[in-house]
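Read off the chains here:
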Amino acid sequence: MYKYILRRLLQMIPVLLGSTFIIFAMVFALPGDPTAGMCGERPCAPAFVAKFKQEHNLNDPLPTRYAKYMGNLAQGDLGTTFRDIKVADELKQRYPTTAKLAGMAIIFETLIGVIAGVMAGIRKGKFMDNLVLVSTLFVIAIPIFVIGATLQYYLGVKWGLRPVTVSPQATVNELLLPAFVLGSTSVAYVARLTRTNLVENLRADYLRTAIAKGLTRRRAIGLHALRNSLIPVVTFIGADFGGLLGGAIVTERIFNIQGVGGYLFTGIHNRDGVSVVGTVTVLVLVFLLVNLLVDLLYGVLDPRISHD
Amino acid sequence: MTTSETMARESAKSSGQTYKPQDGLLLEVEDLHVEFHTPDGIARAINGVNFDLFEGQTLAILGESGSGKSVTAQAIMGILDMPPAVIPKGQIRYCGQDLLTMPDEQRRRTRGPEISMVFQDALSSLNPVFPVGWQIAEMFRVHRGMNKSDALERAVKLMQRVQIPAAKERVGAYPHQFSGGMRQRIMIAMAIALDPAVLIADEPTTALDVTVQAQIMALLQELQEERQMGLILITHDLGVVANVADKIAVMYAGRIVERADVYDLYRQPGHPYTKGLLESIPRLDQKGQQLAAIGGLPPNLMRIPEGCAFNPRCKFAQDVCREDRPALLEVAPGRESACHFAEEVLHG
Ligand SMILES: Nc1ncnc2c1ncn2[C@@H]1O[C@H](COP(=O)(O)OP(=O)(O)OP(=O)(O)O)[C@@H](O)[C@H]1O
Ligand code: SF4
Ligand SMILES: [Mg+2]
């Protein structure tokens, strides 16, 4: 078990190196002058530009710059932006907000998705099943920014039921709607996955045994069948975490949330390479750790999986 | 079983309802019919099955694949999927009470404490994600309201009773960590946990090696004698049950076509179908002879032939066989056969 975890952690190193290098190369290949707009209306003086480029290693070839950057990163330094702000400080402020948003979205997708999936699965072919199938198809087909903007307009602007935007404090109440929007696509997938797996498990031999043991239908389905049906669902939610972070960029834009997604968006917009690379590096790391966690959880949920 | 033992078992049940067999009669299946309503039509899987089961009796049900053995067992257990299954006719009485008309909740409480079942494939029949001890203990927790540790203690005792080595250490292991034979022992432990009066074993050894088959049969027989259960043993292999069963019922197309004591039937079949079955078993005393398989296929259950269902495959068939369905009648002491020419088959 510990060997497995250690091996997985070691495997992260090449993945982390590879993905950060690609991002690094892409970000610095972006056209545009990072000193643009730094000196008011005029272009900056050549001396300033030269000094700026020197300070930020912009004259070095890409591999050297990457190596220098990773050297700093290894010491816990995520870099300083062109505007002299430490990326680590910025992220420290913004991470809790995005974590809260993502966490709430996961709770949403799990709760609503599983309940809808179970209601559809135990009434296979009936009204409830069709309702869930159609409405999930609907949600999957609509892009997340359309769902977000529409709900924001109606619930927020028009009817005033929900706050339109989220304050820097990002309270749970303010995040309810954004989290719902962020989790909406995954809710649909979780519901469908739960339904399919439940229907399959309801036909399983062990469920026939459960009924023959004299268990109530509620216990046989709610404990025996559901416990088995949820194994792939948990895996999906973990694998979907990356998609959720991508969705967070859009959602944070729509609701003006001061989170990592919004920061990343601004960074790309401003050609602020250091902040982009720093943010993405942390995102990749979080993603890898979540995946490890999910794989470990998978082993706990399904005893047939061995991590030895 | 003596009266005092019967009383003891009854008082141990906490389901509220008590069931008392009259003169040892546990189960009466009467004119049972089961149909499957499928998009292709109605498959008549069971077409009037009758039998009784007494305390301490072992009844073997023998028949080809598709003859309705499992459906009969599932109807008794009440675990048929309805729909597609429909029971248009018949009664299944346990200690005099019809299970088919009993309220669902009352019937549920009979599963486990009164009637219990062991399935063919123990690997798929056990839940893969719960420890075996937990699955056995669940019987005590659900039906007896026992707490977790007491129930687990009972589970260990049962695992020891079915001869699982190092039961105490393995109570937390999962089904896939056991061999096929050990898994079937766990199924058996679970089935006998609440000391049921009736145990149904549906091909309990089919998935196992020959040597393990014998061990499992021996265990079932031992438990049956120890607890004086009524045991229904379903098989398509007469060799497996010959030493264990008292009576054998042979099924064809959802009916019992012959019923007799094991040795009588083995020595002298009273129905052409049984005769065919026996001739298709290799025998030590007829080494080298060609095996005579029964020609033709089992009938399509959506179009069972008129008259005797076996007539298209029967060597003895006459015109009457295509018109009249023969009833299951006593043709010799302790021997029933559903054939117009039973006497000839028996003595010819
Ligand atoms: N759920 C179902 N839907 C439709 N038909 C069914 C269903 N279950 C059983 N049957 C039909 O009922 C008939 C009897 O099946 P059953 O399982 O009792 O056979 P069996 O005697 O146990 O055979 P085997 O030796 O293969 O286990 C079969 O022809 C089968 O097609
Ligand atoms: S009734 Fe006729 S067809 Fe049926 S088994 Fe007897 S002889 Fe054969
Ligand atoms: Mg069967």
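Conventions we followed
- Residues numbered from 1 in each chain as written.
- Chains lettered and ligands numbered in written order.
- Predicted model: local features only at pLDDT ≥ 70, side-chain atom pairs only at ≥ 80, totals over all residues.
- Heavy atoms only, no water.
- UniProt positions renumbered as here; feature names shortened; annotations may be inferred.
- Contact = heavy atoms within 4.5 Å.
- Buried area = accessible area lost by both parts, 1.4 Å probe.
- Salt bridge = Lys/Arg side-chain N within 4 Å of Asp/Glu carboxyl O.
- Helix = DSSP H or I, 4+ residues; strand = E, 2+ residues; numbered from the N terminus.
- Buried < 20%, exposed > 50% of the residue type's maximum accessible area, 1.4 Å probe, protein only.
- Pairing = 2+ DSSP bridges.
- Right-handed = clockwise from strand over helix to strand, strands pointing away.
- Axes fitted to C-alpha atoms, helices over the stretch in contact; angles between N-to-C directions.
- Phe/Tyr/Trp six-rings, centres within 6.5 Å; stacked < 30°, edge-to-face > 60°.

- By the naming in an unreviewed UniProt entry, chain A goes by ABC transporter permease and is assigned to Pedococcus bigeumensis.
- Recorded in UniProt for chain A, the comment headed Subcellular location (unreviewed entry) runs: "Cell membrane".

1. Structural notes on the interface of chain B and chain A
Turning to step 1, where the next piece is worked out: Contact residues are listed per partner, giving 24 residues for chain B and 19 residues for chain A.
Turning to step 2, where the next piece is worked out: Interface area for chain B against chain A, summed over the two sides, is near 2,000 Å², with a carbon-plus-sulfur share of 62%.
Turning to step 3, where the next piece is worked out: Area buried by chain B at its contact with chain A is led by Pro-128, Val-129 and Glu-138 of chain B, which between them contribute 25% of it.
Turning to step 4, where the next piece is worked out: Counting across the chain B and chain A interface gives two salt bridges.

2. Concerning the pattern of salt bridges
Between side chains of opposite charge, pairing is possible as soon as their charged atoms come close.
Residue and element names in this part refer to chain B.
Turning to step 1, where the next piece is worked out: Per the counting criterion, the structure on display carries 21 salt bridges over all chains.
Turning to step 2, where the next piece is worked out: Two residues, Glu-30 and Arg-93, come together in a salt bridge whose shortest N-O distance is 2.8 Å. Here Glu-30 is found in strand β1 (residues 25-38), whereas its partner Arg-93 is found in strand β4 (residues 85-94), with 63 residues between them in sequence.
Turning to step 3, where the next piece is worked out: On the basis of relative accessibility, which here comes to 15%, the residue Arg-93 falls in the buried class.
Turning to step 4, where the next piece is worked out: Among the ionic pairs, Arg-259 bridges to Glu-336, the shortest N-O distance being 2.9 Å. With a gap of 77 residues between them, Arg-259 in strand β10 (residues 255-261) and Glu-336 in strand β12 (residues 335-337) connect regions that are remote in the sequence.
Turning to step 5, where the next piece is worked out: A single network of salt bridges, built from pairs that share partners, joins Arg-161, Asp-195, Glu-222, Glu-226 and Arg-227.

3. Regarding the pairing of strand β7 (residues 198-202) of chain B
All names here are of chain B.
Turning to step 1, where the next piece is worked out: By the criterion of burial, β7 is predominantly enclosed, with five of the five residues buried.
Turning to step 2, where the next piece is worked out: Here β7 shows two buried faces, one formed by Val-198, Ile-200 and Asp-202 and the other by Leu-199 and Ala-201.
Turning to step 3, where the next piece is worked out: Of the strand pairs in this sheet, strand β6 (residues 115-118) and β7 are connected by four bridges, and their pairing is parallel. Counted as the bridge partner of Ser-116 is Leu-199 from β7.
Turning to step 4, where the next piece is worked out: Pairing geometry for β7 and strand β8 (residues 230-235), over five bridges, is parallel. Bridged to Val-198 within β8 is Gly-230.
Turning to step 5, where the next piece is worked out: In this fold, the crossover linking β7 to β8 by way of helix α9 (residues 210-227) has right-handed handedness.

4. Looking at the sheet that holds strand β11 (residues 329-332) of chain B
Residue and element names in this part refer to chain B.
Turning to step 1, where the next piece is worked out: Within the open sheet, the eight strands sit side by side as β6-β7-β8-β3-β9-β10-β12-β11. Their pairing is mixed. Across the chains shown, the open sheet's two edge strands, defined by having one partner strand only, are β6 and β11. Sheet twist, expressed as the average angle between the axes of neighbouring strands with direction ignored, equals 25 degrees.
Turning to step 2, where the next piece is worked out: Its contacts with the sheet place helix α8 (residues 180-192) against β6 and β7, and it is angled at close to 175 degrees to β6.
Turning to step 3, where the next piece is worked out: This element, helix α12 (residues 272-279), spans β3 (58-62), β9 (247-252) and β10 of the sheet and lies at about 105 degrees to β9.

5. Things to note about the packing of aromatic side chains
Residue and element names in this part refer to chain B.
Turning to step 1, where the next piece is worked out: All chains considered together, the criterion is met by eight aromatic pairs over all chains.
Turning to step 2, where the next piece is worked out: Summarising the aromatic geometry, the rings of Tyr-252 and Phe-310 are spaced 5.1 Å apart at their centres and angled 80 degrees between planes, so their arrangement reads as edge-to-face. Highlighted residues: Tyr-252 in strand β9 and Phe-310 in the loop between α12 and β11, separated in sequence by 58 residues.
Turning to step 3, where the next piece is worked out: Assessed through its relative accessible area of 4%, Tyr-252 is described here as buried.
Turning to step 4, where the next piece is worked out: For Phe-310, a relative accessible area of 3% translates into the label buried.
Turning to step 5, where the next piece is worked out: An aromatic cluster of at least three residues, connected via ring pairs, comprises Tyr-252, Tyr-273 and Phe-310.

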